[in-house]
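The primary structure of each chain is shown beneath.
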Amino acid sequence: MIDLDIVPDAMEFRFKDFGSFQRPYTGAEVTRVDRAGGKFAAQISLPIMTPAVGRSVVAKLMRAKQEGVRIAIPLLGISQGIEGTPTVDGSGQSGTTLDITGLQAGFTAREGYWFNVVSGTRHYLHNIAATARADSSGDLSVTIFPALRTSFTDGDTVKFEKPMIEGFVEGDEQAWAYEAERMISIGFSVEEFG
């Protein structure tokens, strides 16, 4: 796994949805069929770099085609206010609700917060779908998006402070540009692992 410790200039997110709509040929009501496995992808633009730094980043991104890449999501100066050591509270959870323990009492997980559940070394990216507040014991039951796509283990780490997207670099080729100022401009796309 390649950890890319660079703050992107821009990240354009996409949600990979495996659900579909059933449209009856009779004109009857359209039905939504949800399927598990939804995940995120992002088009990432990195800041202009010196040639020395740019060469190193290009080398890492070429390896990331096979090894995968992990890059932090900019929180745009907004603190997600985490204190404590949050972990998954109970094995075998599924659906769109996640029970978390180990938070500071009263911590508020606000709608739109990004977070990871770390299982083994893999960072699964999720978003808070509805604001929720930890109780006096530091326990929180929160609605998330997308639905859980793996069964986490009791005690798996939950990270609010530096959420990341982790996956393979997409596409059949790597491309980068040398600018007139002899700097390097790099953009790439990453899709979460399955």
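Refer to the structure above for everything that follows.
Residue indices follow the written sequence of each chain, beginning from 1 at its first position. pLDDT decides what is reported in this predicted model: residues at 70 or higher carry local features, side-chain atom pairs at 80 or more are listed and counted, and totals for whole chains, interfaces and linings draw on all residues regardless. Neither water nor hydrogens contribute to the side-chain values; these are computed over all heavy atoms in the structure.

Asks: Tell me what's going on with the pattern of salt bridges, and back it up with residues and numbers.
Replies: Here, a salt bridge means any side-chain nitrogen of Lys or Arg that lies within 4 Å of a carboxyl oxygen of Asp or Glu. Counted according to the given criterion, the structure contains 9 salt bridges. With a closest N to O distance of 3.6 Å, Lys 16 and Glu 170 form a salt bridge. Placement of Lys 16 in strand S2 (residues 10-16) and of Glu 170 in the loop between strand S15 (164-169) and strand S16 (176-178) is noted, with a sequence separation of 154 residues between them. Among the ionic pairs, Arg 70 bridges to Glu 166, the shortest N-O distance being 2.6 Å. Here Arg 70, found in strand S6 (residues 69-72), pairs with Glu 166, found in strand S15; they are 96 residues apart in sequence, far enough to count as distant. Partly exposed residues are those whose accessible area sits between 20% and 50% of the maximum for their type, while under 20% is buried and over 50% is exposed, using a 1.4 Å probe and protein chains only. Residue classification places Arg 70 among the buried positions, given a relative accessible area of 10%. Numbering of helices and strands runs from the N terminus; a helix is a DSSP stretch of H or I covering at least four residues, while a strand is a stretch of E covering at least two.

Asks: Can you lay out the packing of aromatic side chains for me, pointing to particular residues and giving the numbers?
Replies: Pairing of aromatic rings covers Phe, Tyr and the six-membered ring of Trp, with a centre-to-centre limit of 6.5 Å; geometry is then stacked below 30 degrees between planes, edge-to-face above 60, and tilted otherwise. What the rule picks out here adds up to 8 aromatic pairs. With a centroid separation of 4.7 Å and 50° between ring planes, the pair formed by Phe 15 and Phe 145 is classed as tilted. Note that Phe 15 is positioned in strand S2 and Phe 145 in strand S13 (residues 140-145), a separation of 130 residues in sequence. Through a chain of ring-to-ring contacts, three or more aromatic side chains come together here, namely Phe 13, Phe 15, Phe 40, Trp 114 and Phe 145.

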